[in-house]
Amino acid sequence: MDVSLGCPRGRVGCRTSSSSSSSSPSRTAATRRLGGSDLVTSQVGIGTLQWGDEGCGFNKSYRAIDLEVAFKEAVADGISFFDTAEVYGYKQHKFMQSSECLLGEFSREVDTPVTIGSKVFTIPWTNLLVGGSPRLGRAALVEALKSSVERVGRPLDLWSIHFPFPTFKQSVLVDALKEAMDLELTRAVGVSNYSAAQMEEARELCSQAGVPLACNQVKYSLLDRKADKEGLLRLAKDLEVCVVAYSPLEGGKLTSAGRAKDPGNAKLQELLKVMEFVGTVNGGKSIAQVSLNYLVQKGALPIPAAKNAQQAREHAGAMGWSLDENEVSLLDEKLDYLKF
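For the structure given in this document, a descriptive report is provided here.

Cut-offs and rules
- Residues numbered from 1 in each chain as written.
- Predicted model: local features only at pLDDT ≥ 70, side-chain atom pairs only at ≥ 80, totals over all residues.
- Heavy atoms only, no water.
- Phe/Tyr/Trp six-rings, centres within 6.5 Å; stacked < 30°, edge-to-face > 60°.
- Lys NZ or Arg CZ within 6 Å of the ring centre and 35° of its normal.
- Salt bridge = Lys/Arg side-chain N within 4 Å of Asp/Glu carboxyl O.
- Helix = DSSP H or I, 4+ residues; strand = E, 2+ residues; numbered from the N terminus.
- Axes fitted to C-alpha atoms, helices over the stretch in contact; angles between N-to-C directions.
- Parallel < 35°, antiparallel > 145°, perpendicular 65-115°, else oblique.
- Contact = heavy atoms within 4.5 Å.
- Nonpolar A, V, L, I, M, F, W, Y, C, P; charged D, E, K, R; others polar.
- Expected span 1.5 Å × (residues − 1).
- Buried < 20%, exposed > 50% of the residue type's maximum accessible area, 1.4 Å probe, protein only.

What follows concerns the packing of aromatic side chains. As enumerated under the stated definition, the model contains six aromatic pairs in all. When the centroid spacing of 6.2 Å and the interplanar angle of 80° are considered together, the rings of Phe163 and Phe165 count as edge-to-face. The positively charged end of Lys267 is found above the aromatic ring belonging to Phe340, 4.8 Å away from the centroid. Over the ring of Trp321 we find Lys285, and its NZ or CZ is 5.1 Å from the ring centre.

This is how it looks when you write it as C-alpha cells:
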C-alpha cells in the first residue's frame, strides 16, 4: 500500500463461482490461494487505507457506521480479504477507531471468517507516531506486530513488511517474519512495495527460513502496468508469490465516474469507452468491474477501497465471471496504443 500517512487514494459468504452484474453481485465468489501459504481468499479484496483517517474524510463525509455497512455488504457478497496497516488512521488508535481496530470489531460481528492482513512500517521513527521509542531491529518489528494483534483482537492472517527501508537488512526483516510465524501471531507473511529483485531475495531468504512468502503488495492498474511490463508479475508467478494490487481503480479514474473526474483527458476517455463496451458484452458489468477483473485475469488480487455498501457491492461484482483472452488482449492493445 502507499506508504504516505496522508490520503493519496482512495456480513457473510464466499466460495464457488457464478456470474454477477453491477446491479446484482454474486452471493458466492471464486477463491484463490495466497501464494505458497495455506490462506484461501476471495479473488478481490478491500483496501482500508482511508478507514479512520480524518484526512480522507473519516467522521466528515463518512463514519464508522458507514464502514461497518460496507464491510458487512462486502462479506455478504463474497469478499473475504481485507488489507490494513498499523498506520492507517493511526491517530484514531486511542479511540479504537483506526483501520485495524475497526476491522477487528467488524469481523467479530459476522459468522463467516475473513482474512485480515496488516503491515508494519520500517521507518525507525514510526513509533513516535503510534507510541513507543524509535524502532530498530527485529524485536521492535515483532513488538509492533503484537500491538497490531491487540488492536485487531486476534492473531493476523497475514503480516507484511510495508516497504523496504535502508535501516533494516532483508535478513533482519525476514527474521521478524519468521518469528511472527513461530509465535503464531500470524498465519502467513508477505512484503509490500518490493521490486522484482527485492521480492526474489526475500523469497529466497524466507525459503531458507522455512517460511513461505505469501504475497508482494504493489501498485498495479490498467493505467499503471509497471508490475507487468517489468516482469514482476511473471516472476511472482514463478516464485509462487501472490501479487496484491493496490490503487487498482486509480482513485476513481477507472470507474464510471472517471469521465467526470478527468473530462479533458482524451486518452482516458477513449479507454473508458472501450472498457464500457467490454462490460456491456459481459452482461452489463461496470467499468470498475472490468478494471478489477482484468487484474484478476493477470493473476493479481486487487484491493479497491470501499467506504459504503454500494462500492462494496460493485467491487464484489468483479468476481464470479471472467474476461476471456481476446478481451484481455483487446485491452492490452488499446493501452499500448494509447501509451498507458
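Tallied over the full model, the rule gives 20 salt bridges. Glu270 serves as the salt-bridge partner of Lys334, at 2.5 Å between the closest nitrogen and oxygen. With Lys334 in helix α13 (residues 325-338) and Glu270 in helix α10 (residues 266-281), the pair connects residues that are 64 residues apart, well separated along the chain. Each of Arg225, Asp228, Lys298, Asp332 and Asp336 takes part in salt bridges that share partners, so that together they form one network.

For the rest of this paragraph, the subject is the packing of α10 against α13. At their nearest, the axes of α10 and α13 sit 10 Å apart, and the two run at 175° to each other. Between α10 and α13, the angle is such that the two are roughly antiparallel. On the side of α10, the interface is formed by Lys267, Glu270, Leu271, Val274, Met275, Val278 and Val281, while α13 contributes Glu327, Leu330, Leu331, Lys334, Leu335, Tyr337 and Leu338. Here the contact of α10 with α13 is built from residues that sort into 10 nonpolar, no polar and four charged.

In this model, helix α4 (residues 137-152) (16 residues) spans 23 Å end to end at C-alpha, consistent with the 22 Å of a helix rising 1.5 Å per residue. Of the residues making up α4, those classed as buried are Ala140, Leu141, Val142, Ala144, Leu145, Ser148, Val149, Arg151 and Val152. In the core, the buried residues of α4 are packed alongside α2 (99-107), β5 (115-120), β6 (156-161) and α5 (170-182).

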